[in-house]
Amino acid sequence: SYVVTTACIDCKYENCFEVCPVDCFYEAANMIVINTEECIDCGVCEPECPVDVIKPDMIDVAGMWIALNQKFAEQWLDICQKGDPPADVDELGQKTDKLALLAE
Ligand code: SF4
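All figures in this text were calculated on a predicted structure; none of them were measured in a lab.

Cut-offs applied
Residues numbered from 1 in each chain as written. Predicted model: local features only at pLDDT ≥ 70, side-chain atom pairs only at ≥ 80, totals over all residues. Heavy atoms only, no water. Buried < 20%, exposed > 50% of the residue type's maximum accessible area, 1.4 Å probe, protein only. Helix = DSSP H or I, 4+ residues; strand = E, 2+ residues; numbered from the N terminus. Contact = heavy atoms within 4.5 Å. Patch = residues over 30% accessible without salt bridge, like charges linked within 9 Å, V, L, I, M, F, W, Y side chains within 5 Å. Areas by Shrake-Rupley, 256 points an atom, 1.4 Å probe, with all protein chains shown as cover. Salt bridge = Lys/Arg side-chain N within 4 Å of Asp/Glu carboxyl O. 1 Å grid on protein atoms, 1.4 Å probe; cavity = no way out; pocket = protein on both sides within 12 Å on 5 of 7 lines; lining within 4 Å. Points joined across faces, edges and corners; volume = space filled by probe spheres on them. Nonpolar A, V, L, I, M, F, W, Y, C, P; charged D, E, K, R; others polar. Lys, Arg positive; Asp, Glu negative; His and termini not counted. Charge placed at Lys NZ, Arg CZ, Asp CG, Glu CD. Pairing = 2+ DSSP bridges. Near = heavy atom within 4 Å. Polar contact = N/O pair within 3.5 Å; in protein donor to acceptor, adjacent residues only side chain to side chain.

**A short note on helix α1 (residues 65-75)**
Here's step 1: Regarding α1, the residues found buried are Trp65, Leu68, Asn69, Gln70, Phe72 and Ala73.
Here's step 2: The elements touched by buried residues of α1 are β1 (2-4), β2 (25-27) and β3 (32-34).

Take a look at the structure:
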C-alpha cells in the first residue's frame, strides 16, 4: 500500500483523497492517513501532494508510518470532501522535523 509520511503533520493540503478510487484516506488529529488494508496500490495519489508526503510502503522512509497510518485510519473518520487547508499551509509544508507536532 501507500502511506502518508511526516511532512503532512499540521499541513493537510488535502489534494490527495479526491483522486483515490477506493476512498481510503482518513483524517487524523493533525494529518491525513491512508488505511493500508483498503489501499489498492494504484499510486494515483502519490503525485497529487505538493510536498511529496505519499510514499509506497516498501521504501525505507515509510518505516513507522506503515503502522501509524493504519492505527490512525482505524481511529478516525473517512474523508470524502476536501476541506480548507490552513492559511499558512505553504510555510507548514516546508517545515522539517515535524514529528514533535504529531497529535494522536
Ligand atoms: Fe488510494 Fe490508490 Fe493512493 Fe492507495 S495508492 S491511497 S488506493 S489513490
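Still more to cover.
**Some points on a nonpolar patch on the surface**
Here's step 1: Together, Met58, Ile59 and Val61 line one region of the surface with nonpolar side chains, adding up to about 290 Å² of accessible area.
Here's step 2: Structurally, Ile59 is set in the loop between β4 (54-56) and α1.

**Some words on empty space enclosed by the protein**
Here's step 1: The tally for this structure, following the rule as stated, stands at two cavities of 30 Å³ or more.
Here's step 2: Of the voids in this model, the largest cavity is the one considered here, and its volume is about 100 Å³.
Here's step 3: If you go around the largest cavity, you meet 15 residues; those closest to its centre are Cys8, Tyr13, Cys16, Cys49 and Val53.
Here's step 4: Considering only residue class, the lining of the largest cavity consists of 11 nonpolar, one polar and three charged.
Here's step 5: In this structure, the second largest cavity occupies an estimated 80 Å³ of space.
Here's step 6: Surrounding the second largest cavity, 14 residues form its lining, Cys20, Cys24, Cys39, Cys42 and Cys45 being those nearest its centre.
Here's step 7: Across the lining of the second largest cavity, the residue classes break down as 12 nonpolar, one polar and one charged.

**Quick notes on a negative patch on the surface**
Here's step 1: Taken together, the side chains of Asp23, Glu37, Glu38, Glu74 and Asp78 present a region of like negative charge at the surface.
Here's step 2: Following the sequence through the fold, Glu38 ends up in the loop between β3 and β4.

**Some details on the sheet that holds strand β5 (residues 77-78)**
Here's step 1: If you walk across this open sheet you meet the three strands as β3-β2-β5, and the pairing is antiparallel. In this open sheet, the two edge strands, each paired with only one partner strand, are β3 and β5.
Here's step 2: With two bridges joining them, β2 and β5 adopt antiparallel strand pairing. Residue pairing for β5: Tyr26 is matched across the bridge by Asp78.

**A few points about the site of the ligand**
Here's step 1: The environment of the ligand is made up of 13 residues, and the closest members are Cys20, Cys39, Cys42, Gly43 and Cys45.
Here's step 2: For the shell around the ligand, the per-class residue count stands at 12 nonpolar, one polar and no charged.

**Looking at the environment of Thr36**
Here's step 1: Relative to the elements of secondary structure, Thr36 occurs in the loop between β3 and β4.
Here's step 2: Of the residues examined, Thr36 reaches a relative accessible area of 19% and is grouped as buried.
Here's step 3: As for Thr36 and Gln94, which are separated by 58 residues in sequence, their C-alpha atoms are 26 Å apart.
Here's step 4: Non-local contacts of Thr36, meaning those with residues more than four positions away in its chain, are made with Ser1, Tyr2, Val3, Ile66, Asn69 and Gln70.
Here's step 5: Of note is the side chain of Thr36, whose polar atom sits 2.6 Å from the side chain of Gln70.

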